[in-house]
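Chain residues, written in single-letter form:
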Amino acid sequence: TIFGASGDLAKLKLFPALYNLMEQKKLPEQFYIVGFARSEKSNKEFQKEFSESISTKFGKDTNKKLLEKLTSKVSYFHGSYDERSSFQKYRKYLSELTKNHKIAHIAYLSIPPQVFKPVIENLGETKTAHEDMRIVIEKPFGEDTASATELFHFLARYFDEDHIYLLDHYLGKTAVQSILH
């Protein structure tokens, strides 16, 4: 799930990166890509944005068949980052989407830093005990050492340290690759 899926980071970096992973056959056999954002839009509208961002990035080098296959795995969930009820509905949506198959879940926070805490808390409070969830947080992670430490301790209330990935999208290539292994 990409939180902040309607933002520029998702469109410019994340969607094309998912296309690259698909092209390199690095995605699992069964996977789902869910965009979670505050903007109201349909699955079709989101899939169009997803597809267009990839076509814009790769131009004539875009493999249309591969892009169609990837886009068919994409869905959209509209919700509020700071409302527990949105996350309860989101959990139900995920359960229906995956048909309750046990699938590792990566929550990618491509959101403004001021909404990190509500999203972390709502994800943590609504996840099931046996759920295999990893959380990836884009920079900036805190404004200084003290705020970064405080945010990390907050995050650790809900996620095990080995399930937390903090990265800079320009320097984080190795961290993202380690998630795939």
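We now turn to the structure provided with this report.

What counts and how
Residues numbered from 1 in each chain as written. Predicted model: local features only at pLDDT ≥ 70, side-chain atom pairs only at ≥ 80, totals over all residues. Heavy atoms only, no water. Core = buried A, V, L, I, M, F, W, Y, C linked by side-chain atoms within 4.5 Å. Buried < 20%, exposed > 50% of the residue type's maximum accessible area, 1.4 Å probe, protein only. Helix = DSSP H or I, 4+ residues; strand = E, 2+ residues; numbered from the N terminus. Contact = heavy atoms within 4.5 Å. Expected span 1.5 Å × (residues − 1). Arc of directions from axis to C-beta. Pairing = 2+ DSSP bridges. Phe/Tyr/Trp six-rings, centres within 6.5 Å; stacked < 30°, edge-to-face > 60°. Axes fitted to C-alpha atoms, helices over the stretch in contact; angles between N-to-C directions. Parallel < 35°, antiparallel > 145°, perpendicular 65-115°, else oblique. Left-handed = near helix turned anticlockwise from the far one by under 90°. Nonpolar A, V, L, I, M, F, W, Y, C, P; charged D, E, K, R; others polar.

**Some remarks on the nonpolar core**
Here is step 1: Phe 3, Leu 109, Ile 120, Leu 123 and Ile 135 are the most contacted members of the largest nonpolar core, which totals 53 residues.
Here is step 2: Counting residues per element, this core draws most heavily on helix H1 (residues 8-23), at seven residues.
Here is step 3: Not counting the four nearest positions on each side in its chain, Ile 135 is found in contact with Ala 107, Leu 109, Ile 120, Leu 123, Leu 155, Phe 159, His 163, Ile 164 and Tyr 165.

**So, helix H2 (residues 43-58)**
For the α-helix, the turn length of 3.6 residues means that residues three or four positions removed from each other point alike.
Here is step 1: Here H2 spans 23 Å end to end across 16 residues, near enough to the 22 Å set by a 1.5 Å rise per residue.
Here is step 2: Buried within H2 we find Phe 46, Gln 47, Phe 50, Ser 53 and Ile 54. Down the axis of H2, the smallest arc covering the buried residues is 125°, so these residues share one side. Every exposed residue of H2 that faces more than 90 degrees away from the buried side is listed here: Lys 44, Lys 48 and Thr 56.
Here is step 3: Just beyond H2, the residue with positive phi is Gly 59, at close to 55°.

**Side note on the pairing of strand E5 (residues 133-138)**
Here is step 1: Among the six residues that make up E5, six are buried, leaving the element largely enclosed by the rest of the structure.
Here is step 2: By the alternation rule, side chains of E5 split into Met 133, Ile 135 and Ile 137 and Arg 134, Val 136 and Glu 138, which are all buried.
Here is step 3: As defined by bridge partners, strand E4 (residues 105-109) adjoins E5 across five bridges and the pair is classed as parallel. Of the residues in E5, the one forming a bridge with Tyr 108 is Val 136.
Here is step 4: Note that E5 and strand E6 (residues 164-167) share four bridges and pair parallel.

**Points about the packing of aromatic side chains**
Here is step 1: Tallying each qualifying case throughout the model produces 15 aromatic pairs.
Here is step 2: Arranged with centres 5.8 Å apart and planes meeting at 20°, the rings of Phe 36 and Tyr 81 form a pair that is stacked. On the criterion of sequence distance, the pair formed by Phe 36 in strand E2 (residues 33-37) and Tyr 81 in the loop between strand E3 (74-78) and helix H4 (84-98) is long-range, its members being 45 residues apart.
Here is step 3: Residue class for Phe 36 comes out buried when judged on its relative accessible area of 0%.

**Regarding unusual backbone geometry**
Here is step 1: Positive phi values are uncommon outside glycine, yet Lys 25 reaches one of about 60°.
Here is step 2: Among the secondary structure elements, Lys 25 is positioned in the loop between H1 and E2.

**Quick word on the side chain of Ser 110**
Here is step 1: Within the fold, Ser 110 resides in the loop between E4 and helix H5 (116-126).
Here is step 2: If we ignore the near neighbours within four places in the chain, the residues touching Ser 110 are Ile 2, Phe 3, Gly 4, Leu 9, Ala 10 and Leu 14.

**Details of the packing of H4 against H5**
Here is step 1: Viewed as axis vectors pointing N to C, H4 and H5 meet at an angle of 50°, and their least axial separation amounts to 9 Å. On the basis of the axis angle, H4 is oblique to H5. In this structure, H4 meets H5 at a crossing whose hand is right-handed. Contacts from Arg 84, Phe 87, Gln 88, Tyr 90 and Arg 91 in H4 reach Val 119, Glu 121, Asn 122, Leu 123, Glu 125 and Thr 126 in H5.
Here is step 2: Split into classes, the residues belonging to the contact of H4 with H5 amount to four nonpolar, three polar and four charged.

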